[in-house]
Amino acid sequence: MKKTYSIIVLALLIVLTGVNLWIMLSGKHECPSQCHSSENNACYLSKTMSLNEEQKEKYNKIKQHYQQQAILVADSLHISQECLMRELMKSDRDSLTIAQIEAKISSCQSMLLHLSVEQYYQIRDILSPEQIPQLNKLFAQILICRPTCNHRDDDAGTIPHLE
């Protein structure tokens with residue numbers, strides 16, 4: 001019985017591996033060429049703001065610069081949050097260690113906010129005066145609203161209201 005079971009499991013594994021290899025090598029799973037092409041894959045902000053080609057190029061450089069920084073900070077934030085959770089689950093948790101981890105988490109969140117603010121200023125600098133109100137609206141939705149909020153759509157619930 002045990003030998004038959006092992007043979008069945010081994011045969012199943014070989015068949016599944018073969019199917020996976022066939023799918024990978026067939027190339028039918030590839031993403032359409034447009035999802036890898038930066039020319040055809042305009043981002044939400046570029047579309048919403050109706051950026052011209054020069055602005056798109058400048059924006060892509062700004063976005064790339066801040067994305068690289070934000071990824072590093074977000075990774076650090078995630079690791080710190082995991083450390084905090086591990087510390088909280090300990091039966092002999094140390095309040096000093098927890099406070100240090102909380103400070104690290106707050107620091108990461110502050111850095112992410114700072115990166116967003118700096119990115120806003122750099123994007124605003126490449127826009128025409130007519131495009132800035134739309135940028136303000138987009139960033140208000142990012143910085144103020146969360147998916148669960150019930151604020152007004154027109155100004156993301158800011159007081160005083162954005163004009």
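Within any chain, residue numbers begin from 1 and follow the written order of that chain's sequence. Since the coordinates come from a predicted model, pLDDT governs what is reported: local features require at least 70, and pairs of side-chain atoms require 80 or more to be given and counted, while whole-chain, interface and lining totals use all residues. In computing side-chain values, all of the structure's heavy atoms are included and hydrogens and water are not.

Only DSSP runs of H or I reaching four residues or more are called helices, and only runs of E reaching two or more are called strands; each is numbered from the N terminus. Check the secondary structure of the protein chain and you find five helices and zero strands. Listing each helix as α and each strand as β along the protein chain from the N terminus yields α-α-α-α-α. Working definition: with a 1.4 Å probe on protein chains only, accessible area under 20% of the residue-type maximum means buried, over 50% means exposed, and in between means partly exposed. Out of the 163 residues in the protein chain, the part that is buried amounts to 21%. Any two residues having at least one pair of non-hydrogen atoms within 4.5 Å are treated as being in contact. Restricting the contact set of the protein chain to residue pairs at least 6 apart, pairs at least 24 apart contribute 50%.

For helix α3 (residues 53-89), which comprises 37 residues, the first-to-last C-alpha distance of 52 Å matches the rise-based estimate of 54 Å (1.5 Å per residue) to within 8%. Those residues of α3 that sit buried are Gln55, Tyr59, Ile62, Tyr66, Val73, Leu77, Ser80, Leu84 and Glu87. Taken together, the buried residues of α3 touch α2 (44-49) and α4 (95-126). Given a helix with a known number of residues, its expected span is that number minus one, times 1.5 Å.

We now examine the packing of aromatic side chains. Each pair of aromatic rings taken from Phe, Tyr and Trp, with Trp reduced to its six-membered ring, is defined by centres within 6.5 Å and is described as stacked if the planes are under 30 degrees apart, edge-to-face if over 60, and tilted in the remaining cases. Scanning the model with the defined rule gives two aromatic pairs in all. With a centroid separation of 5.7 Å and an interplanar angle of 65°, the aromatic rings of tyrosine 120 and tyrosine 121 are classed as edge-to-face. On the basis of relative accessibility, which here comes to 14%, the residue tyrosine 120 falls in the buried class. Note on tyrosine 120 and phenylalanine 139: the rings are 5.2 Å apart at their centroids and 70° apart in plane angle, and the pair reads as edge-to-face.

A separate point is the nonpolar core. Note on soluble globular proteins: their nonpolar side chains tend to be buried together. Among the nonpolar cores identified, the biggest contains 22 residues, and Leu45, Met49, Leu51, Tyr59, Ile123, Leu127 and Leu135 are the most heavily contacted of them. Only α2, α3, α4 and α5 (132-143) provide two or more residues apiece to this core. Residues belong to one nonpolar core when they are buried, are Ala, Val, Leu, Ile, Met, Phe, Trp, Tyr or Cys, and are joined through side-chain atoms within 4.5 Å.

Fitted lines through C-alpha atoms serve as axes, helices being fitted only where they are in contact, and the angles separating the N-to-C directions of these axes extend from 0 to 180 degrees. It is the contact of α4 with α5, at a shortest axis distance of 11 Å, that shows an interaxial angle of 170°. When the axes of α4 and α5 are compared, the pair comes out roughly antiparallel. Contact residues: α4 offers Leu113, Ser116, Tyr120, Ile123 and Arg124, while α5 offers Ile132, Leu135, Asn136, Phe139 and Leu143. Residues were grouped as follows: Ala, Val, Leu, Ile, Met, Phe, Trp, Tyr, Cys and Pro as nonpolar; Asp, Glu, Lys and Arg as charged; and all remaining residues, including Gly, as polar. Class assignment of the residues belonging to the contact of α4 with α5 gives a composition of seven nonpolar, two polar and one charged. When an angle is under 35 degrees it counts as roughly parallel; over 145 it counts as roughly antiparallel; between 65 and 115 it counts as roughly perpendicular; any other value is oblique.

A pair of packed helices can be characterised by two numbers: the angle between their axes and the separation between those axes. It is the contact of α3 with α4, at a shortest axis distance of 9 Å, that shows an interaxial angle of 170°. As judged from the angle between their axes, α3 and α4 are roughly antiparallel. Residues that form the contact of α3 with α4 fall into these classes: 19 nonpolar, nine polar and six charged.

On to the pattern of salt bridges. Opposite charge on two side chains lets them pair, provided their charged atoms get close. What counts as a salt bridge is simple: a side-chain nitrogen of Lys or Arg found within 4 Å of a carboxyl oxygen of Asp or Glu. All chains considered together, the criterion is met by four salt bridges. With a shortest N-O distance of 3.1 Å, lysine 90 and glutamate 87 are connected by a salt bridge. With a relative accessible area of 8%, glutamate 87 lands in the buried category.

Let's shift gears to α4. Between its first and last C-alpha, α4 extends 47 Å over 32 residues, near the 46 Å set by a 1.5 Å rise per residue. For α4, every residue scored as buried is listed here: Ile98, Ile101, Ile105, Cys108, Leu115, Gln119, Tyr120, Ile123 and Ile126. Those residues of α4 hidden inside the fold are in contact with α3 and α5. Where α4 begins, one side-chain oxygen reaches toward the backbone nitrogen of leucine 96, 3.3 Å away; that side chain belongs to aspartate 94. Polar contacts, as counted here, are pairs of nitrogen or oxygen atoms within 3.5 Å of one another; within protein the pair requires one atom able to donate a hydrogen and one able to accept it, and residues that are adjacent in sequence qualify only if both atoms are side-chain atoms.

Together, Leu113, Ile142, Leu143 and Ile144 make up an exposed nonpolar region whose accessible area comes to about 330 Å². Looking at the element boundaries, leucine 143 is found in helix α5. For patches, a residue must show more than 30% relative accessible area and have no salt bridge; joins then use 9 Å for like charges and 5 Å for nonpolar side chains, namely Val, Leu, Ile, Met, Phe, Trp and Tyr. Under the convention used here, a 1.4 Å probe and the Shrake-Rupley method define accessible areas, while residue burial counts only the protein chains that appear.

As a per-residue quantity, pLDDT reports the predictor's confidence and falls between 0 and 100. Taken as a whole, the protein chain shows an average pLDDT of 77; of its residues, 66% reach a score of 70 or greater. Element-level pLDDT for the protein chain is lowest in helix α1 (residues 2-26), with a mean of 68, against a maximum mean of 91 in α4.

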